[in-house]
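Residues per chain, in single letters:
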Amino acid sequence: YIRNHLGERDLDAAAVAAGIGASRSSLYRLFEPDGGVAQFIMTRRLAAVRDALEQGSRQPLAVLAEMFGFTDESHLNRRFKQAYGQPAGAYRRTVLEAGVDGLDAAMRRWPGWMIEIS
């Protein structure tokens, strides 16, 4: 449900609970190991943007921000930098310069992986 509704800015615990027919309290318990529902949604949004950039998306960052439920490009960049150590535009430039080599891609993703597992 979350993956299918990432572009909706009002996607939150209440929307997910209603969408899957669960109570919010059970949803909170389910997502507690992931830092909560909101954190899980944000992690998925950031991963979706990162994946789009990794696949060579040339859409403007403002468009990607809207597609994946961020308030605006600034919000996307702020959260992307927190998660991956650099703004989305810098990440895109790194991807374009390095290409799609598997090792290079893994090295770019390393900071994000470390944040996701901590």
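Residues numbered from 1 in each chain as written. Predicted model: local features only at pLDDT ≥ 70, side-chain atom pairs only at ≥ 80, totals over all residues. Heavy atoms only, no water.

This part covers the overall build of the protein. Helix and strand content of the protein: 7 helices and 0 strands. For the protein, the N- to C-terminal ordering of α and β elements is α-α-α-α-α-α-α. Expressed as a percentage of its 118 residues, the buried residues of the protein come to 39%. (Helix = DSSP H or I, 4+ residues; strand = E, 2+ residues; numbered from the N terminus. Buried < 20%, exposed > 50% of the residue type's maximum accessible area, 1.4 Å probe, protein only.)

Take the packing of aromatic side chains next. What the rule picks out here adds up to 4 aromatic pairs. Both rings, one in F80 and one in Y91, keep their centres 5.4 Å apart while their planes meet at 65 degrees; by these two values the pair is edge-to-face. On the criterion of sequence distance, the pair formed by F80 in helix α5 (residues 73-84) and Y91 in helix α6 (residues 88-98) is long-range, its members being 11 residues apart. Y91 matches F80 in its accessibility class, with the two residues each being buried. (Phe/Tyr/Trp six-rings, centres within 6.5 Å; stacked < 30°, edge-to-face > 60°.)

So, on to the nonpolar core. Among the nonpolar cores identified, the biggest contains 30 residues, and I2, L53, F70, L76 and F80 are the most heavily contacted of them. Put simply, the parts of the chain that give this core at least two residues each are α1 (13-20), α2 (24-31), α3 (37-54), α4 (61-67), α5 and α6. With 10 residues, the top contributor of residues to this core is α3. Each residue touching F80, except ones within four places of it in the same chain, is listed here: L46, V49, R50, L53, G85, Q86, P87, A88 and Y91. (Core = buried A, V, L, I, M, F, W, Y, C linked by side-chain atoms within 4.5 Å. Contact = heavy atoms within 4.5 Å.)

Where α3 contacts α5, the axes come no closer than 10 Å and their chain directions differ by 95 degrees. When the axes of α3 and α5 are compared, the pair comes out roughly perpendicular. Every residue of α5 that contacts α3 at Q39, M42, L46, A47, V49, R50 and L53 is listed here: H75, L76, R79, F80, A83 and Y84. (Axes fitted to C-alpha atoms, helices over the stretch in contact; angles between N-to-C directions. Parallel < 35°, antiparallel > 145°, perpendicular 65-115°, else oblique.)

What follows deals with the environment of V37. Within the secondary structure, V37 is located in helix α3. Between the alpha carbons of V37 and R24 there is a distance of 9.6 Å; along the sequence they are 13 residues apart. Once residues lying within four places of it in the same chain are set aside, the contact partners of V37 are D12, A13, L27, Y28 and F31.

With that settled, the discussion passes to α1. Buried within α1 are the following residues: A13, V16 and A17. Taken down its axis, α1 places every buried residue within 100 degrees of arc, on the same side. Between the side-chain oxygen at the start of α1 and the backbone nitrogen of A14 there is a gap of 3.2 Å, and the oxygen is on D12. Following α1 by one or two positions, G21 adopts a phi angle in the positive range, close to 75 degrees. (Arc of directions from axis to C-beta. Polar contact = N/O pair within 3.5 Å; in protein donor to acceptor, adjacent residues only side chain to side chain.)

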